[in-house]
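Coordinate inspection notes
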Amino acid sequence: AARWRLCRRKWKRPEDASVWKNNELVFIDEQLENVIVALEENYNISIHIKGLNIDSDLFTGKVPSNDLLNALEILKYSYHMDYRVDAKDIYFSKK
């Protein structure tokens, strides 16, 4: 799964190697689709994207692995999207 592949990535900075201790998921030039999969696996949710083409989008950054709403806010502001939560389903759409 994408989450394990991301964890094996070579770290560019020494502090990135301990992100698991800080409850963070770190992505460096990762396809947004893979970031979505990692979030789905980490939080046991389903993320649905409507009206957005994410095939070519890359994401570099850290998202919390223990705070779903904060992680969603990061994606919301990074990609100018809105989202709504319905139990374990997250729906992203254009603003």
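Residues numbered from 1 in each chain as written. Predicted model: local features only at pLDDT ≥ 70, side-chain atom pairs only at ≥ 80, totals over all residues. Heavy atoms only, no water.

**Some thoughts on unusual backbone geometry**
For Asp29, which is not glycine, the phi torsion reads 50 degrees and is therefore positive. Along the chain, the position of Asp29 falls in strand S1 (residues 24–31). Phi at His80 takes a positive value of approximately 55 degrees, unusual for a residue other than glycine. Summarising the element assignment, His80 is placed in the loop between helix H3 (68–79) and strand S4 (81–86). Assessed through its relative accessible area of 57%, His80 is described here as exposed. (Helix = DSSP H or I, 4+ residues; strand = E, 2+ residues; numbered from the N terminus. Buried < 20%, exposed > 50% of the residue type's maximum accessible area, 1.4 Å probe, protein only.)

**Some remarks on H3**
Helical periodicity: at 3.6 residues per turn, an α-helix aligns residues three or four positions apart in one direction. Across its twelve residues, H3 extends 17 Å between first and last C-alpha, which sits within 8% of the 16 Å expected from 1.5 Å per residue. When H3 is considered as a whole, its buried residues turn out to be Ala71, Leu72, Leu75, Lys76 and Tyr79. End-on, the buried residues of H3 take up no more than an arc of 140 degrees, which puts them together on one face. Close packing links the buried residues of H3 with helix H2 (32–43), strand S3 (58–64), S4 and strand S5 (89–94). (Expected span 1.5 Å × (residues − 1). Arc of directions from axis to C-beta. Contact = heavy atoms within 4.5 Å.)

**A closer look at the environment of Lys50**
With respect to the helices and strands, the residue Lys50 is situated in strand S2 (residues 46–50). The exposure class of Lys50 is exposed, given its relative accessible area of 65%. On a C-alpha basis, the gap between Lys50 and Ser93 in space is 5.0 Å, while along the polypeptide they are 43 residues apart. Contact partners of Lys50, with chain neighbours within four places excluded, come to Phe92, Ser93 and Lys94.

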